[in-house]
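Summary of structural features
This is what each chain is made of:
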Amino acid sequence: MKPYVLGISILVAVAGCTSFGTYYKPGTTLEKIDRATLSCRSRAEREVPPRIIIDRYPVYGPPRTPGGPRVILYWETNYIELNEGLRDRVRAQCMSDAGYERVTIPYCTEEQLAGKTFKPLAKTPKLDESICAVRRDGKRILIDLDKPL
């Protein structure tokens, strides 16, 4: 079997996952989308650095003696990142400015792939119900169900 051909035999079952969210632009490659995502993430981290507040408070246990003061068992520490939401918005705006939109792509079902072989798509097509994804070697690959080999 040629390495670029994807068959049911190499499909890795994704338990509990029926789709995945990603940025998308027709006519590009998934690798370019990954690079653009990384670039926008880096830009957002430069423009909106972390702003962390440390919140510490005691956790009390029962008093040692009846009517006595409660005993501090330990100190709980919470780290609150105030800029996370703003950083996410900056990243999303960067991706939008580059022509990408946020979409959800379904994973192919075993029934859709049964007995058929597909070639992975080199470029991202216009999304419709025939486009779905499979996982192979830790990567997502898009296929067109209307174009079996």
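Heads up: the structure comes first, above all this text.
Residues numbered from 1 in each chain as written. Predicted model: local features only at pLDDT ≥ 70, side-chain atom pairs only at ≥ 80, totals over all residues. Heavy atoms only, no water.

Here helix 1 (residues 30-47) spans 26 Å end to end across 18 residues, near enough to the 26 Å set by a 1.5 Å rise per residue. Within helix 1, the full set of buried residues consists of Ile33, Ala36, Thr37, Cys40 and Ala44. Mapping the buried residues of helix 1 onto a view down its axis gives an arc of 100°, with all of them on the same face. Exposed and oriented more than 90 degrees from the buried face of helix 1 are Asp34, Arg35, Leu38 and Arg46. Contact partners of the buried residues in helix 1: strand 2 (19-24) and helix 2 (84-97). (Helix = DSSP H or I, 4+ residues; strand = E, 2+ residues; numbered from the N terminus. Expected span 1.5 Å × (residues − 1). Buried < 20%, exposed > 50% of the residue type's maximum accessible area, 1.4 Å probe, protein only. Arc of directions from axis to C-beta. Contact = heavy atoms within 4.5 Å.)

Attention now goes to the packing of aromatic side chains. Tallied over the full model, the rule gives 1 aromatic pair. Measuring from centroid to centroid gives 5.4 Å for Phe20 and Tyr107, while their planes differ by 40°, and the two rings are tilted. Remark: Tyr107 occurs in the loop between strand 5 (101-106) and helix 3 (110-113) and Phe20 occurs in strand 2; sequence separation between them is 87 residues. Geometry around Tyr100 places Lys25 over its ring, the cationic atom sitting 4.7 Å from the centre. Over the aromatic face of Tyr23 sits the side chain of Arg102, whose NZ or CZ is 4.9 Å from the ring centroid. (Phe/Tyr/Trp six-rings, centres within 6.5 Å; stacked < 30°, edge-to-face > 60°. Lys NZ or Arg CZ within 6 Å of the ring centre and 35° of its normal.)

Take a nonpolar patch on the surface next. Together, Ile52, Ile54 and Tyr79 give the surface a local cluster of nonpolar side chains, amounting to about 360 Å² of exposed area. Checked against the element boundaries, Ile54 lands in strand 3 (residues 52-61). (Patch = residues over 30% accessible without salt bridge, like charges linked within 9 Å, V, L, I, M, F, W, Y side chains within 5 Å. Areas by Shrake-Rupley, 256 points an atom, 1.4 Å probe, with all protein chains shown as cover. Salt bridge = Lys/Arg side-chain N within 4 Å of Asp/Glu carboxyl O.)

Attention now goes to the state of the cysteines. Under the defined criterion, the tally for this structure stands at 2 disulfides. The disulfide partner of Cys40 is Cys94, and the gap between their sulfur atoms is 2.1 Å. Taking the sign of the S-S torsion, about -70° here, the bridge from Cys40 to Cys94 comes out left-handed. In this pair, Cys40 is assigned in helix 1 and Cys94 in helix 2, connecting sequence segments 54 residues apart. Like Cys94, Cys40 is buried. Across a sulfur-sulfur distance of 1.9 Å, Cys108 and Cys132 are joined as a disulfide pair. When the S-S torsion is 95°, as for the bridge of Cys108 with Cys132, the disulfide is right-handed. Taken together, the positions of Cys108 in the loop between strand 5 and helix 3 and Cys132 in strand 7 (residues 131-136) put the pair 24 residues apart, joining distant regions of the chain. Assigned by exposure class, Cys108 and Cys132 land together as buried. (Disulfide = S-S within 2.5 Å.)

Mapping Thr22 onto the fold places it in strand 2. In this structure Thr22 comes out as buried when scored by relative accessible area, which is 15%. When neighbours within four sequence positions are excluded, Thr22 is seen to be in contact with Ile33, Glu101, Arg102, Val103 and Ile105.

Our focus in this paragraph is unusual backbone geometry. If a residue is not glycine, its phi is most likely negative; likewise, a peptide bond is most likely trans. Even without a glycine there, the phi angle at Asp137 is positive, about 55°. Note that Asp137 resides in the loop between strand 7 and strand 8 (139-144). The class for Asp137 is exposed, based on a relative accessible area of 71%.

With that settled, the discussion passes to the environment of Thr77. Its place among the elements puts Thr77 in strand 4 (residues 71-81). Given a relative accessible area of 28%, Thr77 falls into the partly exposed group. Spatially, the C-alpha atoms of Thr77 and Ile54 are 6.9 Å apart, while their sequence positions differ by 23 residues. Among all residues touching Thr77, those that are not within four sequence positions of it are Ile54, Asp55 and Arg56.

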